[in-house]
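Each chain, letter by letter, is given below.
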Amino acid sequence: MDRWTAILFTISVLLIAAVLIFFHNSTASPTVLTTVMPTVVEQVRRPQYETWPNWASLSTDTFTVLVLTFKRNDNLASVLKFYCNLALVDRVIIVWNDVDEAIPENFLNYGCSKEIYFMKPVTKSVNNGFVPYSEIRTEAVLIIHNDQILRQKDIELGFEVWQNSPQLIVGFQASVHTYNDTSKQYGLKQIPLLANKQYSFVSTAICFTHVHYLHMYTYKLPRQLFNFVAKYDNCEDIFFNGMVAEFLERNASEQPSCIWVKGHIESSENNEENINDSDKEFWQQRIQAMNMMVEVYGHFPLKTSNIFVYNP
């Protein structure tokens, strides 16, 4: 076989191989997205003491969705459908705070490309929504109430902002503290979404945070504050932001606890904007909480900020 014949033979073999590979790929079965059935964890209790997790083993490229739910099954179904389809989500953890009710079968049989865990606490408490469950394997956690859904682009932007400032809470609803010179008391007020005003804390009804802060809240938050939330199911956002601000100050970081991303919340039944101002008990508890932090920390920890990230 002369040189040119050998070259032509080699080319023919390569062409035949390419045709066979193309034919195999075109007739192969398409990739099927794996569906995972939910896992139920019964009788979840908060241990008396917990060591710090190994942060080095946690992912930074995705986040965990941590949903606190109570008697809003229709909304929960929408939330599952929405977050199961987000590529950035690692796992979805549902804290079933309706402890006296069984989890409906349609949720137990819910097919999702993400792993879903239903955590069933022993007792009902808003504090259950801040537990650093061992099922969390990401640094970033998106805490939500089950009636809170953001646009996908807001979630992606919020996560990007958090990745650049993981020491801060990244929230989508903001409030600011006030101070009365006469009474020497702190108060608070909600800030409208479109108002370019200073703020000092964000709602934890929907926010990104580091799992480290879940651990701090559950095991290190002063018991006076922790028990206040357990008693009234209120003010967890105030204490969570105050805890982060105090932690940052102790570590010589003169910055606020949070960043406000101005997105669009599609469903927000349970937030301060929808609570009647005449609900004096609710607001009195929140004012009391603001001033309790002064008693506990020896000073008022929240700091104002005018840094906004706007996503039209």
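Residues numbered from 1 in each chain as written. Predicted model: local features only at pLDDT ≥ 70, side-chain atom pairs only at ≥ 80, totals over all residues. Heavy atoms only, no water.

Peer 1: I'd like a description of the pairing of strand β11 (residues 206-210), backed by residues and values.
Peer 2: In summary, the side chains of a regular strand alternate between the two faces of the sheet. With five of five residues buried, β11 lies mostly within the body of the structure. Residues I206, F208 and H210 of β11 are buried on one face, and the alternating residues C207 and T209, pointing to the opposite face, are buried as well. In terms of strand pairing, strand β5 (residues 138-145) meets β11 through five bridges, oriented antiparallel. Across the sheet, V141 pairs through a bridge with T209, a residue of β11. (Buried < 20%, exposed > 50% of the residue type's maximum accessible area, 1.4 Å probe, protein only. Helix = DSSP H or I, 4+ residues; strand = E, 2+ residues; numbered from the N terminus. Pairing = 2+ DSSP bridges.)

Peer 1: Explain the sheet that holds strand β9 (residues 185-190) to me, using residue names and the numbers behind them.
Peer 2: With respect to topology, three strands assemble into an open sheet ordered β9-β8-β10, the strand pairing being antiparallel. This sheet does not close on itself; its edge strands, each paired only once, are β9 and β10 (201-202).

Peer 1: Outline the packing of aromatic side chains, listing residues and values.
Peer 2: Here the structure, examined in full by the defined rule, presents 22 aromatic pairs. On the basis of an interplanar angle of 35° and a centroid distance of 5.8 Å, the ring pair of F159 and F208 is categorised as tilted. A residue pair is termed long-range when its members are at least 10 positions apart, and F159 in helix α4 (residues 152-164) and F208 in strand β11 qualify at 49 residues. One exposure class covers both F159 and F208, and it is buried. Counting every residue linked through ring pairs, the aromatic cluster contains F63, F159, W162, F172 and F208. In this structure, K124 packs its charged tip against the face of F70, placed 4.9 Å from the ring centre. Over the ring of F308 we find K262; its NZ or CZ atom is 4.3 Å from the centre of that ring. (Phe/Tyr/Trp six-rings, centres within 6.5 Å; stacked < 30°, edge-to-face > 60°. Lys NZ or Arg CZ within 6 Å of the ring centre and 35° of its normal.)

Peer 1: Tell me what's going on with the side chain of R91, and back it up with residues and numbers.
Peer 2: Along the chain, R91 falls in strand β3 (residues 89-96). In terms of polar contacts, R91 uses its side chain to reach the side chain of E115, at 2.8 Å. At 2.7 Å, the side chain of R91 forms a polar contact with the backbone oxygen of E135. Every residue in contact with R91, bar those within four places of it in the chain, is listed here: F63, T64, V65, E115, Y117, E135 and R137. (Polar contact = N/O pair within 3.5 Å; in protein donor to acceptor, adjacent residues only side chain to side chain. Contact = heavy atoms within 4.5 Å.)

The values are spatial; any link to function lies outside them.
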